[in-house]
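This is what each chain is made of:
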Amino acid sequence: MLLALTLLMIREYRIAGNLKEFLKRISQRLRLHIVRKAGILILVFLFSLTLKAQELKLNYQVIRNGDVIGKMYFQQLIQGCSTHLRVQSEVKARFILLLTIWAKEETIYRNGILIFSSIFRKLNGKEKTNRETKLEGNSYLVTKEGSAVLFNSYPIRFNLLSLYCTEPRLVSKAYADNFSEFVPVVKTGTHEYKVTLPDGSYNYYFYQDSICTRVEVHHSLYSLQFILVR
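Residues numbered from 1 in each chain as written. Predicted model: local features only at pLDDT ≥ 70, side-chain atom pairs only at ≥ 80, totals over all residues. Heavy atoms only, no water.

K.L.:
Sorry, what's going on with the side chain of Glu167 here?
P.N.:
Turning to its location among the elements, Glu167 is positioned in the loop between β8 (147-151) and β9 (173-176). Excluding its chain neighbours within four sequence positions, the residues that come into contact with Glu167 are His191, Tyr193, Tyr207 and Ser210. (Helix = DSSP H or I, 4+ residues; strand = E, 2+ residues; numbered from the N terminus. Contact = heavy atoms within 4.5 Å.)

K.L.:
Help me understand the environment of Phe151, please; the structure alone is not making it clear to me.
P.N.:
Along the chain, the position of Phe151 falls in strand β8. As for Phe151 and Leu135, which are separated by 16 residues in sequence, their C-alpha atoms are 9.4 Å apart. Every residue in contact with Phe151, bar those within four places of it in the chain, is listed here: Ser139, Tyr140, Val142, Ile156, Tyr175, Ser180, Glu181 and Phe182.

K.L.:
Honestly, the pairing of strand β12 (residues 202-208) in this entry has me stumped. Any pointers?
P.N.:
Side chains on a regular strand alternate between the two faces of the sheet. For β12, the tally of buried residues reaches five of seven residues, placing the bulk of the element in the interior. In terms of strand pairing, strand β11 (residues 192-196) meets β12 through five bridges, oriented antiparallel. Looking at the pairing, Glu192 lines up with Phe206 of β12. In sequence, β11 turns back onto β12 through a hairpin of five residues, with Gly200 there showing a positive phi of about 95°. Pairing analysis gives seven bridges linking β12 to strand β13 (residues 211-218), with the strands arranged antiparallel. Paired with Gln208 across the two strands is Ile211, which belongs to β13. Hairpin connection, β12 to β13: the antiparallel pair is bridged by two residues, and Asp209 has positive phi, about 55°. (Buried < 20%, exposed > 50% of the residue type's maximum accessible area, 1.4 Å probe, protein only. Pairing = 2+ DSSP bridges.)

K.L.:
Mind showing me how you'd approach unusual backbone geometry here?
P.N.:
Trans is the prevailing form of peptide bonds, just as negative phi is the prevailing case for residues other than glycine. Residue Tyr154 is joined to Pro155 through a cis peptide bond whose omega torsion reads 0°. Backbone geometry places Ser210, a non-glycine residue, at a positive phi of 70°. Take Ser210: it is sitting in the loop between β12 and β13.

K.L.:
Explain the environment of Gln208 here, please?
P.N.:
On the secondary structure map, Gln208 appears in strand β12. The exposure class of Gln208 is exposed, given its relative accessible area of 52%. Remark: the alpha-carbon pair of Gln208 and Glu167, spanning 41 residues in sequence, is separated by 8.5 Å.

K.L.:
Hey, could you run me through the packing of aromatic side chains in this one?
P.N.:
Centre distance and the angle of the planes are the two values used to describe a pair of aromatic rings. In the structure shown here, the tally under the stated rule is ten aromatic pairs. Considering the side-chain rings of Phe151 and Phe182, the 5.8 Å spacing of their centres and the 50° angle between planes classify their relative orientation as tilted. Of the two residues, Phe151 sits in strand β8 while Phe182 sits in strand β10 (residues 181-189), which places them 31 residues apart along the sequence. Linked through ring pairs, Tyr60, Phe74, Tyr164 and Tyr205 together constitute an aromatic cluster. Positioned above the aromatic ring of Phe182 is the side chain of Lys173, whose terminal nitrogen or guanidinium carbon lies 4.4 Å from the ring centre. (Phe/Tyr/Trp six-rings, centres within 6.5 Å; stacked < 30°, edge-to-face > 60°. Lys NZ or Arg CZ within 6 Å of the ring centre and 35° of its normal.)

Here it is as structure tokens:
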């Protein structure tokens, strides 16, 4: 009985989208005029326990030619109907000259739909990339280095950042924030997927228990690996 009520309240909260509407809906469903206040308070308390944030943190080493050249940190935070993804990385490598690449990406989903994403990169301390995708009505406003364009492909339910915490078993395309377009996701083996980007580069993603354990990055100028070290 308690489990059934808890599942009911989770469902009602996701439909309502906020606490005020949730309380209104649950009051109607449970017919408060025949339920004692104490019972409702207990149920609300128990339900609040299910709304505690669920957090996933992943640490990766960036490897080139067998050498560790950087680190990447990934975080997934789930609370209620919102999912927040963050990644931060720093890589130091010599491609004729010594390059230091610092990057930060962020994605926010609400009820499974992307409402905001950003990607920011610096090369040797200077801004290289600064892009945002923000939901505006039933379209997305994409800001690229100061200019803004509309991306009319609503809704976005899966982007490249999501690949680190979700194996794309039923996903055939993902939103590539850096290119502001969808790219194909193709299964190439057991728990293995290939993503080809518009510039001709491609990545392989490998999974265990739905968590990405390794990424192989293939670019015309270099190859890298991201290895999960927790």
